[in-house]
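# Tertiary structure, described
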Amino acid sequence: MLYQRSSALFKDAQEYIPGGVNSPVRAFKSVGGTPIFIQKAEGAYIYDEDGRAYVDYINSWGPMIIGHTDPRVLNATVEQMKNGFSFGTPTELETEIAKLITSVVPNIDMVRMVNSGTEACMSAIRLARGYTNRDKIIKFEGCYHGHSDSFLIKAGSGAATFGNPNSPGVTQGTAKDTLLAEYNNLEDVKTLFEQNKDEIAAIIVEPIAGNMGCIVPQEGFLEGLRQICNENGALLIFDEVMTGFRQAMGGTQERLNINADIVTFGKVIGGGFPVGAFAARREIMSHLAPLGPVYQAGTLSGNPIAMRAGFTTLNIINNDRALFNRIDQVTETLDIEIAKIFEEKGIPAHINRLGSMMSVFFTEQTEINNFTAVTKCNHERFNKFFHHLLTNEVYIAPSGYETWFISDAIKDAEINKTLDAVKSFEA
């Protein structure tokens with residue numbers, strides 16, 4: 001049995017942890033089977049409790065952009081730990097990482113550190129509401145901004161409509177202030193502004209969507225959102241939890257040359273530790289307590305261990321901008337070669353890619369540009385593909401609604417191992 005110890009650990013975990021996991025996608029519900037339990041990681045590989053090594057295309061869902069347990073980050077973090085684990089007071093390191101972030105990310109002057117991407121996005125919409133003195137926000141179907149109540153909303157009778165809660169515990173009162181639109185559909189957004197004039201505080205969007213698979217913004221979509229916000233006095237929030245410091249040092253704002261009003265970060269910013277942040281121009285951030293009336297706080301925000309890991313990681317990337325070209329090229333190679341294999345095998349598939357994020361969709365559709373298109377893909381075939389790769393020691397996200405994240409540790413050997421596994425896949 002390939003996953004004997006993982007199976008035993010999962011059975012034990014289910015007795016004490018809801019579903020046996022601390023984040024639902026880890027349970028393999030989407031793809032079936034038993035989740036593998038990871039013991040350690042290094043470079044391009046993760047190692048399970050049964051002693052098997054896997055080429056890792058999850059990379060902790062994005063943050064391990066330079067690979068696992070990079071010795072530079074590891075050594076810096078160990079040295080920091082010797083000074084103490086947590087203080088609950090200001091540290092010089094918090095200012096240093098804020099200086100670095102504001103120096104490389106466009107259109108921001110100030111940063112507030114938090115502990116997760118969920119917390120960053122939750123705080124960003126509170127700030128937007130406090131700044132504009134409006135209640136409603138627009139989000140896009142298929143985009144995920146964490147599990148805060150305002151974001152757990154599904155579409156009603158049409159995409160451009162009032163949302164309904166898609167989780168018990170989220171009230172109708174909360175849901176009425178979240179409006180749903182279809183990703184890559186500017187007409188939906190315009191309609192919502194016409195129907196809710198002077199009530200919409202902000203649009204929040206993954207500028208490159210990663211939570212319905214990798215969905216790329218169509219030409220003019222993000223520019224259109226920017227213009228609509230300008231015309232209606234609303235703020236544009238880029239959720240760059242996945243894309244920040246991955247698509248470019250300045251994130252998607254830099255890569256696509258479009259400025260947001262508020263930007264949220266996570267993943268890479270913590271170098272593998274639980275960190276998030278949100279940032280904006282000074283005039284907006286000045287509305288936050290203790291400067292302004294919008295309250296946000298966190299006992300462990302700016303934790304020195306997480307700050308050291310993040311600061312070290314960001315400096316490594318900042319001093320090696322060629323990294324972005326390297327990981328983009330690896331992703332492009334995987335895209336092109338996997339597509340060739342599927343074409344030779346007669347397997348209908350479509351691959352979306354931008355930068356070092358990509359997704360494989362099993363479909364005859366020639367374009368996958370929104371959530372509805374993703375739902376129409378052959379997810380049973382994806383599940384079979386996932387388990388085939390897993391058996392061949394290649395680890396991708398256990399869901400057809402997720403993204404591959406490429407790290408700088410992925411080299412020719414890992415690419416070849418991956419392509420060999422794809423070649424042996426029988427649909």
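Residues numbered from 1 in each chain as written. Predicted model: local features only at pLDDT ≥ 70, side-chain atom pairs only at ≥ 80, totals over all residues. Heavy atoms only, no water.

### A short note on the sheet that holds strand 2 (residues 45-48)
The four strands lie next to each other as 1-2-3-16, forming an open sheet whose pairing is mixed. Taken across any chain shown, the strands that pair with only one partner, and hence form the sheet edges, are strand 1 (38-42) and strand 16 (394-395). Looking at chain direction, strand 2 and strand 3 (residues 53-56) are connected through three bridges and run antiparallel. When the bridges of strand 3 are listed, isoleucine 46 appears paired with tyrosine 54. (Pairing = 2+ DSSP bridges. Helix = DSSP H or I, 4+ residues; strand = E, 2+ residues; numbered from the N terminus.)

### So, the domain arrangement of the chain
Under the domain assignment, the chain is made up of domain 1 (71-319) and domain 2 (321-404 + 412-426). In this structure, domain 1 and domain 2 have C-alpha centres spaced 27 Å apart. Taken residue by residue, the interface counts 27 residues in domain 1 and 23 residues in domain 2. Buried surface at the junction of domain 1 and domain 2, both sides included, amounts to about 2,000 Å², of which 55% is carbon and sulfur. Two residues, arginine 255 and aspartate 328, come together in a salt bridge whose shortest N-O distance is 2.9 Å. (Domains from an automatic or database assignment. Contact = heavy atoms within 4.5 Å. Buried area = accessible area lost by both parts, 1.4 Å probe. Salt bridge = Lys/Arg side-chain N within 4 Å of Asp/Glu carboxyl O.)

### Comments concerning the pairing of strand 14 (residues 350-354)
Side chains on a regular strand alternate between the two faces of the sheet. Of all five residues that make up strand 14, four are buried, and the element is covered over most of its length. Across five bridges, strand 14 lies against strand 15 (residues 357-361) in antiparallel orientation. Counted as the bridge partner of isoleucine 351 is valine 360 from strand 15. Two successive antiparallel strands, strand 14 and strand 15, enclose a turn made up of two residues, where glycine 355 displays a positive phi of approximately 65 degrees. (Buried < 20%, exposed > 50% of the residue type's maximum accessible area, 1.4 Å probe, protein only.)

### Observations regarding the sheet that holds strand 15
On the basis of which strands lie adjacent, the open sheet formed by three strands has the order 14-15-17 and antiparallel pairing. In this open sheet, the two strands that pair with only one neighbour each are strand 14 and strand 17 (404-405).

### Description of the packing of aromatic side chains
For the structure on display, the rule yields 14 aromatic pairs. Judged by centre distance (5.2 Å) and plane angle (70 degrees), the ring pair of phenylalanine 362 and phenylalanine 385 falls under edge-to-face. Here phenylalanine 362 is found in the loop between strand 15 and helix 12 (371-375), whereas its partner phenylalanine 385 is found in helix 13 (residues 379-391), with 23 residues between them in sequence. Exposure class is identical for phenylalanine 362 and phenylalanine 385. Each is buried. Here a set of aromatic residues connected by ring pairs shows up, and it is made of Phe342, Phe362, Phe385 and Phe425. Its guanidinium or amino end placed over the ring of tyrosine 47, lysine 40 lies 5.1 Å from that ring's centre, counting from NZ or CZ. (Phe/Tyr/Trp six-rings, centres within 6.5 Å; stacked < 30°, edge-to-face > 60°. Lys NZ or Arg CZ within 6 Å of the ring centre and 35° of its normal.)

### Focus: the UniProt feature "modified residue: N6-(pyridoxal phosphate)lysine" (unreviewed entry) in the chain
Within this numbering scheme, the UniProt entry marks Lys267 as carrying the feature "modified residue: N6-(pyridoxal phosphate)lysine" (unreviewed entry). Tracing the backbone shows lysine 267 in the loop between strand 12 (262-265) and strand 13 (276-280). You can call lysine 267 partly exposed: its relative accessible area is 25%. Ignoring any residue separated from it by four or fewer positions in sequence, one finds lysine 267 in contact with Trp61, Gly62, Pro63, Val241, Met242, Gly272 and Val275. (UniProt positions renumbered as here; feature names shortened; annotations may be inferred.)

### With respect to the side chain of arginine 129
Looking at the element boundaries, arginine 129 is found in helix 4 (residues 117-132). No salt bridge is formed by the buried arginine 129. Its closest oppositely charged neighbour is aspartate 177, at 4.9 Å. Within the structure, the side chain of arginine 129 is placed 2.5 Å from the backbone oxygen of aspartate 135, a separation counted as a polar contact. Ignoring any residue separated from it by four or fewer positions in sequence, one finds arginine 129 in contact with Arg134, Asp135, Ile137, Ser150, Asp177 and Ala201. (Lys, Arg positive; Asp, Glu negative; His and termini not counted. Polar contact = N/O pair within 3.5 Å; in protein donor to acceptor, adjacent residues only side chain to side chain.)

### Side note on the nonpolar core
Nonpolar side chains in soluble globular proteins tend to be buried together. In this structure, Ile101, Phe140 and Phe245 are the most contacted members of the largest nonpolar core, which totals 62 residues. Looking at which element gives the most residues to this core, the answer is helix 10 (residues 304-318), with seven residues. Split by domain, the residues of this core number at least three in each of domain 1 (71-319) and domain 2 (321-404 + 412-426). Beyond its immediate sequence surroundings of up to four residues, phenylalanine 245 is in contact with Ile65, Ile101, Val104, Val105, Gly251, Phe265, Val268, Ile269, Leu314, Ile317 and Phe324. Counting residues in each nonpolar core, the second largest holds 40 residues, with Ile46, Phe386, Ile406 and Phe425 among its members. (Core = buried A, V, L, I, M, F, W, Y, C linked by side-chain atoms within 4.5 Å.)

### What to know about the pattern of salt bridges
In the structure shown here, the tally under the stated rule is 20 salt bridges. A salt bridge links arginine 353 to aspartate 335; the shortest N-O distance between them is 2.8 Å. Here aspartate 335 lies in helix 11 (residues 322-345) and arginine 353 lies in strand 14, a separation of 18 residues in the sequence. On the basis of relative accessibility, which here comes to 29%, the residue arginine 353 falls in the partly exposed class.

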